[in-house]
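# What the coordinates show
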Amino acid sequence: MSATHQATHSSASHDAHGAHDTHAHPSTRTYINIFGVLFLVTAAEVVAAQALPLVGLASLVVPSLLIMAVVKGAMIMMYYMHLKSDSAWFTVPMAFGLILAAGMLISMIGLFIGSPRVACTPELGKGCVAAAAK
Amino acid sequence: MAATTTHGQGHALPAHPPSGLESLDMRKLGMWIFLGSDCVFFASLITTYFVNRSLIFAGDPHPHHVLGINFTAVLAFILLGSSLTMVLSLAGFQRNDITAGRNWLLATAILGTLFLTGQALEFSNLAHEGVTLSSGLFGQCFLIMTGFHGTHVFIGVIWLLSCWLFAGTGRFNAKNFMGVEIAGLYWHFVDLVWVAIFTLIYLI
């Protein structure tokens, strides 16, 4: 006898997506722990931005803040947005967007960082346009 | 004969669950594609700010003099808290605790409204300091960027309240929570963008 069984395939049961594209989501305790870490890292960011320059470590402000922001973003995506437990296919469009975004930010900053920028005020008039074009 | 599952309306389906792309919920995949594209949208606004940063910081008023870091940190904590209430809401629906799911949804919408109120206060203070859309490069870059983020939050609040109302009619439960999960993805993304804006614009 063929292995055939009846299955109701209503739209409501189709909405019950958990079977195929996800695994178990984190527990409530994990969610609260993640929030605690995010809270502490955000507090550390605020302290670092204001305290490091006062103790002569201003050069550490940007790298430390960037690292902390990346950690926060990764935790939100992995645990709150469930990329860690969901199908890897969901990661692809987000990773593509993030790579494009980071590429644009880095390349444009690299392109303009050494260029003199001229404020175009009405007083400068045509001179402003000429200076900006150089 | 190959093993098949009979569809409720008589169509034959493979007995083995679908794998790969066909197993995915297309609404959820669509939301992820949208969020990926929205990353590029916000990156373009942040890039515009950074490309003009030397001019912005040479102008008057200086951003670090008019942007209140401590006040904005409170807004960041509010948005982080709303992300927690959002996942707790989803967890409530997943275990069929509809009341908890609805209450956490409402809490998320309230926190989002608090954030918007704080942002409106900040914009009002900036206007008193002379920072408006027509006041110069800083006003344009900053207000358009944070204004678009605020618009996303506003849309998110409306979406969450819609989910809350629908949940009251029994639409969401342990077998059907995709609507809440997709709204949650959008909401967490709004939080994610604020993580970037808070660090790159307010702190650096």
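Note that this is a predicted model, so its numbers are computed, not measured. (Residues numbered from 1 in each chain as written. Chains lettered and ligands numbered in written order. Predicted model: local features only at pLDDT ≥ 70, side-chain atom pairs only at ≥ 80, totals over all residues. Heavy atoms only, no water.)

## A look at the overall build of chain A
In terms of helices and strands, chain A carries five helices and one strand. Along chain A, from the amino end to the carboxyl end, the secondary structure elements read β-α-α-α-α-α. For chain A, with 134 residues in total, the buried portion stands at 30%. Counting only carbon and sulfur atoms, one obtains 73% of the accessible surface of chain A, whose full area is about 8,100 Å². (Helix = DSSP H or I, 4+ residues; strand = E, 2+ residues; numbered from the N terminus. Buried < 20%, exposed > 50% of the residue type's maximum accessible area, 1.4 Å probe, protein only. Areas by Shrake-Rupley, 256 points an atom, 1.4 Å probe, with all protein chains shown as cover.)

## What about the overall build of chain B?
Broken down by element type, chain B carries seven helices and two strands. Starting at the N terminus and ending at the C terminus, chain B contains elements arranged as β-β-α-α-α-α-α-α-α. Sequence separation of at least 24 residues holds for 76% of the intrachain contacts in chain B that already meet a minimum separation of 6. Surface summary for chain B: the accessible area is close to 8,400 Å², and the carbon and sulfur share equals 66%. (Contact = heavy atoms within 4.5 Å.)

## Focus on a nonpolar patch on the surface
Residue and element names in this part refer to chain A. The grouping of Leu 54, Val 55, Leu 57 and Leu 60 at the surface amounts to a nonpolar patch, some 410 Å² of accessible area in total. Its place among the elements puts Val 55 in the loop between helix H2 (28–51) and helix H3 (61–80). Residue classification places Val 55 among the exposed positions, given a relative accessible area of 58%. (Patch = residues over 30% accessible without salt bridge, like charges linked within 9 Å, V, L, I, M, F, W, Y side chains within 5 Å. Salt bridge = Lys/Arg side-chain N within 4 Å of Asp/Glu carboxyl O.)

## Points about unusual backbone geometry
Of note, His82(A) is a non-glycine position whose phi angle comes to about 65 degrees, a positive value. Assessed through its relative accessible area of 2%, His82(A) is described here as buried.

## Thoughts on the environment of Phe166(B)
All names here are of chain B. Here Phe 166 lies in helix H6 (residues 137–168). When the C-alpha atoms of Phe 166 and Arg 102 are compared, they prove to be 9.6 Å apart, with 64 residues separating the residues in sequence. Filtering out sequence-adjacent residues up to four positions away, Phe 166 remains in contact with Arg 171 and Phe 172.

## So, the packing of helix H1 (residues 26–51) of chain B against H6(B)
All names here are of chain B. Interhelical geometry of H1 versus H6 gives an angle of 160 degrees and a closest axis separation of 8 Å. Overall, the two elements H1 and H6 adopt an arrangement that is roughly antiparallel. Classified by chirality, the crossing of H6 by H1 is left-handed. Where H1 approaches H6, its residues Met 31, Asp 38, Phe 41, Phe 42, Leu 45, Ile 46, Thr 48 and Tyr 49 are matched on the opposing element by Phe 138, Cys 141, Phe 142, Ile 144, Met 145, Phe 148, His 149, His 152 and Trp 159. In terms of residue class, the contact of H1 with H6 is built from 13 nonpolar, three polar and one charged. (Axes fitted to C-alpha atoms, helices over the stretch in contact; angles between N-to-C directions. Parallel < 35°, antiparallel > 145°, perpendicular 65-115°, else oblique. Left-handed = near helix turned anticlockwise from the far one by under 90°. Nonpolar A, V, L, I, M, F, W, Y, C, P; charged D, E, K, R; others polar.)

## Comments concerning the packing of H1(B) against helix H7 (residues 178–203) of chain B
Residues and elements named next belong to chain B. For the pair H1 and H7, the least separation of the axes is 11 Å and the interaxial angle reads 15 degrees. If you check the angle between H1 and H7, you find them roughly parallel. Read as a crossing pair, H1 and H7 show a hand that is right-handed. In this structure, H1 uses Arg 27, Lys 28, Met 31, Trp 32, Phe 34, Leu 35, Asp 38, Cys 39, Phe 42, Ile 46, Tyr 49 and Phe 50 to contact H7, whose residues at the interface are Met 178, Glu 181, Ile 182, Leu 185, Tyr 186, Phe 189, Val 193, Ala 196, Ile 197, Leu 200 and Ile 201. Of the residues belonging to the contact of H1 with H7, the class tally is 19 nonpolar, no polar and four charged.

## Quick word on the pattern of salt bridges
One pass over the full model with this rule turns up five salt bridges over all chains. Where Lys28(B) meets Asp86(A), a salt bridge forms, and the shortest distance between an N and an O atom there is 2.5 Å. With one member in each of two chains, Lys28(B) in helix H1 and Asp86(A) in the loop between H3 and helix H4 (91–112) form a pair that bridges those chains. This pair shows no difference in class: Lys28(B) is buried, exactly as Asp86(A) is. As a salt-bridge pair, Arg27(B) and Asp25(B) come within 2.7 Å of each other at their nearest N and O atoms. Because the salt bridges share partners, they merge into one network encompassing Asp86(A), Lys28(B) and Glu181(B).

## Details of the nonpolar core
Of all hydrophobic cores here, the largest spans 92 residues; its most connected members are Tyr80(A), Met81(A), Tyr49(B), Phe189(B) and Ile201(B). The element contributing the most residues to this core is H7(B), with 19 residues. In terms of domain composition, this core takes at least three residues from each of domain 1 (23–86) and domain 2 (88–134) of chain A. Apart from the residues lying within four places of it in its own chain, the contact partners of Phe189(B) are Met81(A), Met94(A), Leu35(B), Asp38(B), Cys39(B) and Phe42(B). (Core = buried A, V, L, I, M, F, W, Y, C linked by side-chain atoms within 4.5 Å. Domains from an automatic or database assignment.)

Just distances and angles here, no functional claims.
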